[in-house]
Amino acid sequence: MKRVNVISLGCSKNLVDSERLMRMLENVGYRVVHEAEDSRKGDIVVINTCGFIGDAKEESINEILARTALRAEGKIDAVYVMGCLSERYSEVLPKEIPEVDGWYGKHSWPQLVTDLSRRHPASAPYDRVITTPRHHAYLKISEGCNRFCAFCAIPLITGRHRSRPIEEIVDEVKMLVARGVKEFNVIAQELTYYGIDLYGERRIADLIDAIAAVDGVEWIRLHYAYPADFPLEMLDAMERNPKVCRYLDIALQHISDRVLTNMRRHITADETRRLLAEIRRRVPGIKIRTTLMVGFPGEEEEDFEQLMDFVREQRFDRMGAFSYCEEEDTRAAADFTDSIPDDVKQSRLERLMALQEEISAELMAEQKGKRLRVMIDREEADYYVGRTEFDSPEVDPEVLVEKSEKLHPGDMVEVEVTDTLPFELIARPITKD
């Protein structure tokens, strides 16, 4: 059995594709590993690339070059590339890196299995090998995006929004529950658009109800909502289903009306504030994660100060930020000159994140003495590492739980917070009577 080493770069949506590929390869007789550090003669390496922004593209290219160098040295047999980068640059890359044995795009990657095995793999379209800890998994409910924000190349790579049927998603959830998955991190490029292409209306609330009805599901967490045309009925579904984490990942990008208009975000500052107030009113106790951008073309210091004031005002529980990077073929690249110096962008980014660190430290300090329900992810030498319902894997704060009793990954435990850090909580298990 030849070994295939699948390397997944970029977002969790990419990871789901990698997991599906791994199952297909297993079904045709390959032994599959995920991101193995060692190289073995006879190995086939498949790199699932990201092509979102400059840093991600550079990481993907470096990974390809490193693996083709191993191939040239005879340490592995073949290198195949799939995903967003090869989709976006399908004509350029094969000429620039001819050492790659095969190139596959964001949607054509199943053909790789057929090309390797000379037969079509038999499996359900959603069956996959889970590479995350077995108690949690990502659940991709759609592909593509219809938004076409000025700065974003994702719709150019992935195409228009395509929802998966509710019945198929529920079948996948049942299959994963049977394998031990308790936590489902629902992902989509644009979560709130779900259903329009299939059913002629937004059906995200119905989908949440359907997933929550599956026995064995304990947590459902929602990622990547879009603020314009937000379906408020989704909040009602969150509130009526206790399995749904009081957590929402909604990228706001900016608050200056001028910048939002230039970004083609289709929402104003006042509308943004009203939406956030309504989210918090309808789902009491919800924690909001957002992403913001600095340095979009034309962003003046006044616009940036509005953004800083907005963050002070809203006190987001979770926040990430990045600097604008021009992407070819986007509206921003066509309509604007990327004239803000890199050092100005970096300064603004650092100021924004320093402010958020202060806010996060204050919010985390408020948790001291509170009792929280935590899902254990892993064991370290001195403590167990877990998360609350308000924390998504890998991007949000963790809870470091004292080893006063034996715990296992996937266990749900009630803890008391004994100390706090800006991005971590220290806790002890509460002994049951």
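For the structure itself, consult the block above.
What counts and what doesn't
Residues numbered from 1 in each chain as written. Predicted model: local features only at pLDDT ≥ 70, side-chain atom pairs only at ≥ 80, totals over all residues. Heavy atoms only, no water. Core = buried A, V, L, I, M, F, W, Y, C linked by side-chain atoms within 4.5 Å. Buried < 20%, exposed > 50% of the residue type's maximum accessible area, 1.4 Å probe, protein only. Helix = DSSP H or I, 4+ residues; strand = E, 2+ residues; numbered from the N terminus. 1 Å grid on protein atoms, 1.4 Å probe; cavity = no way out; pocket = protein on both sides within 12 Å on 5 of 7 lines; lining within 4 Å. Points joined across faces, edges and corners; volume = space filled by probe spheres on them. Nonpolar A, V, L, I, M, F, W, Y, C, P; charged D, E, K, R; others polar. Axes fitted to C-alpha atoms, helices over the stretch in contact; angles between N-to-C directions. Parallel < 35°, antiparallel > 145°, perpendicular 65-115°, else oblique. Left-handed = near helix turned anticlockwise from the far one by under 90°. Contact = heavy atoms within 4.5 Å. Pairing = 2+ DSSP bridges. Arc of directions from axis to C-beta.

Colleague: Whenever I open this one, the nonpolar core confuses me. Can you help?
Modeller: Inside soluble globular proteins, nonpolar side chains tend to come together where they are buried. Ile141, Leu222, Phe230, Leu248, Ile250, Ile279 and Leu352 are the most contacted members of the largest nonpolar core, which totals 59 residues. Ranked by residues supplied to this core, first place goes to helix H7 (residues 166-178) with seven residues. Formed by 20 residues, the second largest nonpolar core is a distinct cluster that contains Leu25, Val28, Tyr80 and Val113.

Colleague: What should I look at first to understand empty space enclosed by the protein in this one?
Modeller: It is the rolling of a water-molecule-sized probe over the atoms that shows where space remains empty. Within the structure shown, the criterion is met by one cavity of 30 Å³ or more. If you add up the space inside the largest cavity, you get close to 60 Å³. For the largest cavity, the full set of lining residues is Phe52, Ile53, Phe151, Met293, Phe322, Ser323, Tyr324, Cys325 and Glu327. Counted by class, the lining of the largest cavity contains seven nonpolar, one polar and one charged residues.

Colleague: I would appreciate a short explanation of the packing of H7 against helix H9 (residues 204-212) in the present structure.
Modeller: Two measures define how a pair of helices packs: the angle their axes make with one another and the distance between the axes. Running from N to C, H7 and H9 cross one another at 30°; their axes reach a closest spacing of 10 Å. The angle between the axes of H7 and H9 places the two elements in the roughly parallel class. Where H7 crosses over H9, the two elements pack in a sense that is right-handed. Across the interface between the two elements, Ile166, Ile169, Val170 and Val173 from H7 touch Asp206, Leu207, Ala210 and Ile211 from H9.

Colleague: In this structure, what is going on with the sheet that holds strand S2 (residues 31-34)? I would like to understand it.
Modeller: For sheets, the rule is that strands pair by backbone hydrogen bonds, running either parallel or antiparallel. In space, the five strands of this open sheet follow the order S2-S1-S3-S4-S5, with parallel pairing throughout. The sheet is open, and its two borders are formed by S2 and strand S5 (102-103), each paired with just one other strand. Sheet analysis places strand S3 (residues 44-49) next to strand S4 (residues 78-83), joined by six bridges and oriented parallel. Bridge pairing in S4 places Val45 opposite Val79. Contacts between helix H2 (residues 54-72) and the sheet are confined to strand S1 (3-8), S3, S4 and S5, with S3 contributing the most and set at about 170° to the helix.

Colleague: Help me understand helix H10 (residues 233-240), please; the structure alone is not making it clear to me.
Modeller: Each α-helix turn comprises 3.6 residues. Residues three or four places apart therefore point the same way. Listed as buried for H10 are Met234, Leu235, Ala237 and Met238. The buried side chains of H10 occupy one side of the element, clustering within an arc of 155° when seen end-on. The elements touched by buried residues of H10 are H9, strand S10 (219-225), strand S11 (244-250) and helix H12 (269-282).

Colleague: Honestly, the side chain of Gln253 in this entry has me stumped. Any pointers?
Modeller: Relative to the helices and strands, Gln253 resides in the loop between S11 and helix H11 (257-263). Judged by relative accessible area, which is 6%, Gln253 ranks as buried. The contacts of Gln253, once residues within four sequence positions are left out, are Phe151, Met263, Arg265, Thr291, Leu292, Met293 and Phe322.

Colleague: Teacher, can you tell me more about the packing of helix H1 (residues 12-27) against helix H5 (residues 110-117) here?
Modeller: Running from N to C, H1 and H5 cross one another at 20°; their axes reach a closest spacing of 10 Å. The pairing of H1 with H5 is recorded here as roughly parallel in orientation. The two elements H1 and H5 meet at a crossing, and its hand is right-handed. Across the interface between the two elements, Leu21, Met24 and Leu25 of H1 pack against Pro110, Leu112, Val113 and Leu116 of H5. Of the residues assigned to the contact of H1 with H5, the class counts are seven nonpolar, no polar and no charged.

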